[in-house]
Amino acid sequence: MSDVAVPRPDFDGGDARTGWDSAQHGRSSDRPSFVGSQLAGNLLELFDKAVARNGEAPFLWHKRDKQYRSSSWREIADASNALASYLVRHGLRPGERVILAAENRPEWCVADLAIMRAGGVTVPAYATNLPDDHRYVVDHSEAVMVVVGNRAVMERMASAIEGNAAIRHVITMDPFESSHFSCAAGQWSSALESSAREDKIDFVDRLSPDDLACFIYTSGTGGRPKSVMLSHRNIMANMWGAYDLVKKVGLDDETFLSFLPLSHSYEHTVGQFLPMAIDAQIYYSEGAEHLAKNFVEVKPTIVACVPRLYEVLRQKMMAAVEREGGVQAKLFAETLRLGIKRYENGGRLPVMESARDFVLERLVRNKVRGRFGGRLKALVSGGAPLNYEVGLFFTALGLPVLQGYGQTESSPVISVNPPNKVKLETVGPPLDGVEVRIADDGEILVRGDLVMLGYWKDLEATRQAVRDGWLHTGDIGAIDSDGYLRITDRKKDMIVNSGGDNIAPQKVEGHLMLQPEIEQAVVFGDRQPYLVAIIVPPRELIKKVAAETGLPANLEALQDVSALRSQLQEALKRANEHLSVIERVRRFALAAEPFTPENGMMTPTMKLRRQLVSRRYQKEIEALYRS
């Protein structure tokens, strides 16, 4: 190909669409990359170095015909080279955006690498997006090409780009009919085959650390998501901090189980690029319903998940123990008790209890670890605050939970608990190269090479988010004497009741969801005299009450069943015992259905869309204050 340089926004003078200003951020594009000497100058260079080291060794694993099958480092490199040639041959120009909408699979990684190798910018989109969501991302990013995954994603994307003259070409990972798309389209296998013998297209040597790597659209817990612009420097700096942490768990033959969507910044950095830096293998999970099976099959050493998953796993484990009952339930309860006591006593137990704990290590904890594959070094929790009791539960059972903290705007990881000194009530100390301070109003501010370039086409939001080089996170927190960061709540989610008291809703919801009768809960009470909640009981309880009453096993049918409501009232009473007077929930209503990404009440990464829940249940909430 030609020697056309990859275009860059005018960072030094600022860009009206991005809001980026190098002087404001305290950086210069001439300054060497923070991680340049340790890892690589850009993400492609990182990958190419890994390929040179590993060659034909297995890299990515995916289920085909009910069996995990691998693709080697070399195969992934060859595929990304071929796809890069195809993209350029079909008109992709340096700096243009390409939508990548697919479920987690090897082709996702190949496409991401190929887009960058062709000089483009990857724009990940959630595979679960509805057509309207896809339409917004396509239009807002000003994308010119689209890469899509399975048929369901393909159909939603086809609807989203119908009539969009800017989209020049679509590539589908799975077979499609030509009638699917109104623009030119090609199928993955034929695209690679047709380009395998083409001259190699490679912009790796022309990419500077400050060139754009991707747009990551935030999950959008409120309104429309913002488009966060991340550079190679941003992600590389984040990886270096994470790499330093991972070394402490002991690097060996590492295996990652990829569960969170790769379109999320957390999985994109920690679940895709970090494994490249440490020569790890990646197995793609089949989804939430198959996760327990995948743990046993894959035997991962590192897994990154959101707190919601840990809450669900805890509830399922407790329900299984309760069903089993007898001696096994007693042994489990004693294991938990001693594990909690040992953690809270700084790792020590009295002699007699220590001996008992030693026996339970073999009888109970080894079995629990076996259910998770038996090789776990780290269960990393991020994306939202992890309830202390949930973290304590897994720690007491011998599972290494490392709670971290981050944001898409910080590429995303800011801090993580180190494995040699875990403080479950915190999110750990900042990563190497990250500065954190607390503003006068309690807001957490972050500075370093991990801070985003800005929001695409949103100058004002960028100026509000990054001031004098500091990222204003919108989270409230404190730093303890050991330098560990503690998150108390989201600044914008804080409830201010009619008495002027500030209440952190996530804390209250966390206590509610510790009760076995409550699987999901959202609390409200802004400018009101007390808190109320919308509650979802677990599926097992719904089925049990339905069997007892002869009613259908769904929430809509069970709204007025007194047996169910009395059990939830008792659960509410127990939770309130651990809350202050102003934090206690006085009344509740049953949700019509569980909160899920499919019905829009949760983001694809399992965060509550609090504002949407509020609008959906406005009448029920108002009734709770009238009654």
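Shown above is the structure to which this text applies.
Definitions and cut-offs
Residues numbered from 1 in each chain as written. Predicted model: local features only at pLDDT ≥ 70, side-chain atom pairs only at ≥ 80, totals over all residues. Heavy atoms only, no water. Helix = DSSP H or I, 4+ residues; strand = E, 2+ residues; numbered from the N terminus. Expected span 1.5 Å × (residues − 1). Contact = heavy atoms within 4.5 Å. Buried < 20%, exposed > 50% of the residue type's maximum accessible area, 1.4 Å probe, protein only. Polar contact = N/O pair within 3.5 Å; in protein donor to acceptor, adjacent residues only side chain to side chain. Pairing = 2+ DSSP bridges. Axes fitted to C-alpha atoms, helices over the stretch in contact; angles between N-to-C directions. Left-handed = near helix turned anticlockwise from the far one by under 90°.

Turning next to helix α18 (residues 562-576). A rise of 1.5 Å per residue sets the reference length of α18, with its 15 residues, at 21 Å; its end C-alpha atoms lie 21 Å apart and thus fit the reference within 8%. Those residues of α18 that are buried lie in contact with α16 (505-512), β25 (531-536), α17 (539-549) and β26 (585-590).

Here we come to the side chain of S258. Of note, S258 is situated in strand β10 (residues 255-258). S258 gets classed as buried once you look at its relative accessible area, which sits at 1%. Side-chain polar atoms of S258 contact the side chain of E267, separated by 2.7 Å. When residues no more than four places from it in sequence are discounted, the contact partners of S258 are N104, E267, I282, Y283, Y284 and S285.

On to the sheet that holds β25, then. Spatially, β24-β25-β26 is the arrangement adopted by the three strands of the open sheet, whose pairing is mixed. The open sheet has two edge strands with one neighbour each: β24 (520-524) and β26. Across the sheet, the mean angle separating the axes of adjacent strands is 25° when strand polarity is ignored. The pairing of β24 with β25 spans five bridges and is antiparallel. Following the sheet pairing, Q520 is matched in β25 by V536. Of the strands in this sheet, β24, β25 and β26 are in contact with α16, which crosses β24 at around 145°. Against the sheet, helix α20 (residues 618-626) contacts β24, β25 and β26, and its axis sits at roughly 135° relative to β25.

Our next topic: the sheet that holds strand β11 (residues 281-284). On the basis of which strands lie adjacent, the open sheet formed by eight strands has the order β2-β1-β11-β10-β12-β13-β14-β15 and mixed pairing. Because the sheet does not close on itself, it has two edges, and the strands there are β2 (67-72) and β15 (413-416). Shown here is a sheet whose adjacent strand axes are inclined to one another by a mean of 25°, direction ignored. Pairing of β10 with β11, which is carried by four bridges, proceeds in the parallel orientation. Considered in β11, the bridge of T255 is made with Q281. Packed on one face of the sheet, helix α4 (residues 106-117) meets β1 (58-64) and β11 and runs near 135° to β1.

Between helix α12 (residues 326-344) and helix α13 (residues 351-371), whose axes approach to 9 Å, the crossing angle comes to 120°. Judged by the sense of rotation from one axis to the other, the crossing of α12 with α13 is left-handed. Only E353, R356, D357, L360, E361, V364, R365 and V368 of α13 make contact with α12, whose side of the interface consists of L331, F332, E334, T335, R337, L338, G339, K341 and R342.

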